[in-house]
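# Reading the structure
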There are 2 protein chains.
Amino acid sequence: MLSPTGGTPQTSTRVLVIDDEPQIVRALVINLKARKYEVDAAHDGATALELAATRHPDVVVLDLGLPDMDGVEVIRGLRGWTRVPILVLSARHSSDEKVEALDAGADDYVTKPFGMDELLARLRAAVRRAEPAGGGEDDVMVETEEFTVDLAAKKVNRGGKDVRLTPTEWHLLEVLVRNTGRLVSQRQLLQEVWGPSYGTETNYLRVYMAQLRRKLEADPSHPKHFVTEPGMGYRFEK
Amino acid sequence: MLSPTGGTPQTSTRVLVIDDEPQIVRALVINLKARKYEVDAAHDGATALELAATRHPDVVVLDLGLPDMDGVEVIRGLRGWTRVPILVLSARHSSDEKVEALDAGADDYVTKPFGMDELLARLRAAVRRAEPAGGGEDDVMVETEEFTVDLAAKKVNRGGKDVRLTPTEWHLLEVLVRNTGRLVSQRQLLQEVWGPSYGTETNYLRVYMAQLRRKLEADPSHPKHFVTEPGMGYRFEK
DNA sequence: TGGGAGCGTCAGAGTTCCGTCAAAGACGGT
DNA sequence: ACCGTCTTTGACGGAACTCTGACGCTCCCA
């Protein structure tokens, strides 16, 4: 397996490393980048949560001993809005601490000092099982009469031409398309696209929904696919 | 969390324990049963694969040192057809063996001797993340002769067309449908839909119940599904 | 047979919510 | 430092939704 993603080598796996010890971060970053992961790093809990919200990593490696906040709090902060795999690092061998971290929502717990091989193997395992359950092929292509969305390639095609979407537009589209037919509440949309601390800024939604409609709907002022449910949320229909 | 299943306490979680050391199996079985898990045990790889196929466990605890076959072979045998979480136990601390087991498809790796608390926490973590991703329950459909309610998608279909409901109408419908066949008092309806400080504003109910009937009943003035129980409340019947 | 209580129906007033536009701010690359 | 792109913000008109009061109906009981 050359690519860390295994099944879908199109885009590489994004890892968020959270640790306050520079040498550990360096070792991790070097090893991960050598294996074609994209890596973000944070050295405290606050920036970690922020990065998680903006960068949407595919897996998180978290050292419990942070300067600004309890590691378990970081886990809870993440679990409030995402199911991203969390791999905990810790110098403590205490059983209680392991139990607490795992029950707070961590996926795995590795005690320092750890072997890099083992850590990478556990990371692969965490990423692998987070992949969609559909045995291999997944309905990454969604088609409507007017346009086609390729979730894997992150591409939208309309009338033979690729439509250019900004990151936010794409993210919004992705959440809606992944819930085709289902109503998605404005709160959920805001939190998934803008991060867990958002939830009431519905004007963002109005602006970006308008952009999507302008780019994808045949008649943007009478949308067929991006339906508004007043007071509740939005719904994508094929 | 009292029940090991967490979100769905209806049926207990089924664990398959695979180990050839009787004392370890005994300890695990006792601890697991005390926590209301259903437990099956196998002491070799062949029966393990057989039991896995017939019993469909929710999680597997596997000792790598089996008499009849290599532990990694058991993992591969399982991974050929199921994504059930596999928790590996092993006396070996070797990094290579961990990597091999994890890459073969194991979800976690615990070295003996292990703390029972930690093992149980890792087990909970494995079961938790295997739960369906959709916020909890999904595909809750209620059907009548005239219309269909999809509680997850927040959709009502009638004669092939989607019916549009306002937030209040939805909320009211939801409470009634979740209590299909049962009488729901006006007080309870008012408090669930309009908030705890409401309880006597029965005119709200009259108005919105009329809306629901107009949108969903074949003959709104002679409702079949949204039945009034004078002086008491309302009842939804299929 | 008359009257009251509970319910269904309707339409208008008031409020909230949404689509749209424009401009300012933030960011990254040259 | 400049420019282009993307994101954030504010303002406004119009649409959708909720609330409210009035009226008529039916059922039950005196």
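Going by the structure above, here's the rest.
What this report covers is the structure whose coordinates are included nearby. Predicted model, so just to flag it, every value in this text is computed and none were measured. (Residues numbered from 1 in each chain as written. Chains lettered and ligands numbered in written order. Predicted model: local features only at pLDDT ≥ 70, side-chain atom pairs only at ≥ 80, totals over all residues. Heavy atoms only, no water.)

### Re the sheet that holds strand β10 (residues 183-185) of chain B
Residues and elements named next belong to chain B.
- Pairing within the open sheet is antiparallel, and its 3 strands lie in the order β10-β12-β11. Because the sheet does not close on itself, it has two edges, and the strands there are β10 and β11 (226-229). Ignoring which end each strand starts from, the neighbouring axes of this sheet average 30° apart.
- Of the strand pairs in this sheet, β11 and strand β12 (residues 233-236) are connected by 4 bridges, and their pairing is antiparallel. Counterpart to Glu-229 in the pairing with β12 is Gly-233. (Pairing = 2+ DSSP bridges. Helix = DSSP H or I, 4+ residues; strand = E, 2+ residues; numbered from the N terminus. Axes fitted to C-alpha atoms, helices over the stretch in contact; angles between N-to-C directions.)

### Topic: the protein's contact with DNA strand D
- Lining the immediate surroundings of DNA strand D are 17 residues, of which Thr-166, Thr-168 and Tyr-204 of chain A together with Thr-168 and Tyr-204 of chain B lie closest.
- Atoms of DNA strand D within 4 Å of the protein belong to the sugar or the phosphate in 86% of instances, the rest to bases.
- In this structure, Tyr-208 of chain A approaches DNA strand D through a side-chain N or O atom, which is 3.0 Å from a sugar or linking oxygen.
- Breaking the surface near DNA strand D down by element, the ones donating at least two residues are α6 (167-178) and α8 (202-216) of chain A together with α6 (167-178) and α8 (202-216) of chain B.
- Examining the composition of the surface near DNA strand D, we find that 4 residues originate from one element, α8 of chain A, more than from any other.
- The class makeup of the residues in the surface near DNA strand D is 11 nonpolar, 4 polar and 2 charged. (Near = heavy atom within 4 Å. Polar contact = N/O pair within 3.5 Å; in protein donor to acceptor, adjacent residues only side chain to side chain. Nonpolar A, V, L, I, M, F, W, Y, C, P; charged D, E, K, R; others polar.)

### Some remarks on helix α3 (residues 71-79) of chain B
- Regarding α3 of chain B, the residues found buried are Gly-71, Val-72, Val-74, Ile-75 and Leu-78 of chain B. On an axial view of α3 of chain B, the arc spanned by its buried residues comes to 155°, and they lie on one face. (Buried < 20%, exposed > 50% of the residue type's maximum accessible area, 1.4 Å probe, protein only. Arc of directions from axis to C-beta.)

### Focus on the side chain of His-225 of chain B
Residue and element names in this part refer to chain B.
- In this structure, His-225 sits in the loop between α8 and β11.
- Side chain to side chain, His-225 and Glu-146 meet in a polar contact 3.5 Å long.
- His-225 has contacts with Thr-144, Glu-146, Phe-147, Glu-217, Arg-235, Phe-236, Glu-237 and Lys-238, leaving out every residue within four places of it along the chain. (Contact = heavy atoms within 4.5 Å.)

### A word on unusual backbone geometry
- A cis amide bond links Lys-112 of chain A with the next residue in sequence, Pro-113 of chain A, at an omega value of -5°.
- Take Pro-113 of chain A: it is sitting in the loop between β5 (108-111) and α5 (116-130).
- Non-glycine residue His-56 of chain A carries a positive phi angle of around 50°.
- Position of His-56 of chain A among the secondary structure elements: in the loop between α2 (45-55) and β3 (59-63).
- At Lys-36 of chain B, a position not held by glycine, the phi torsion is positive, near 65°.

### Overview of the protein's contact with DNA strand C
- The immediate surroundings of DNA strand C are formed by 19 residues, with Arg-213 and Thr-228 of chain A together with Arg-213, Thr-228 and Gly-231 of chain B found nearest.
- The contact atoms of DNA strand C, taken as those within 4 Å of the protein, divide so that sugar and phosphate hold 56%.
- In the environment of DNA strand C, a base nitrogen lies 2.8 Å from a nitrogen or oxygen atom belonging to the side chain of Arg-206 of chain A.
- Measuring from a phosphate oxygen of DNA strand C, one finds a side-chain N or O atom of Arg-213 of chain A at 2.3 Å.
- For the surface near DNA strand C, the elements supplying multiple residues, two or more each, are α8 of chain A together with α8 of chain B.
- In terms of residue count, the dominant contributor to the surface near DNA strand C is α8 of chain B (4 residues).
- Class assignment for the residues of the surface near DNA strand C results in 7 nonpolar, 8 polar and 4 charged.

By themselves, these are just geometric observations and shouldn't be taken as functional.
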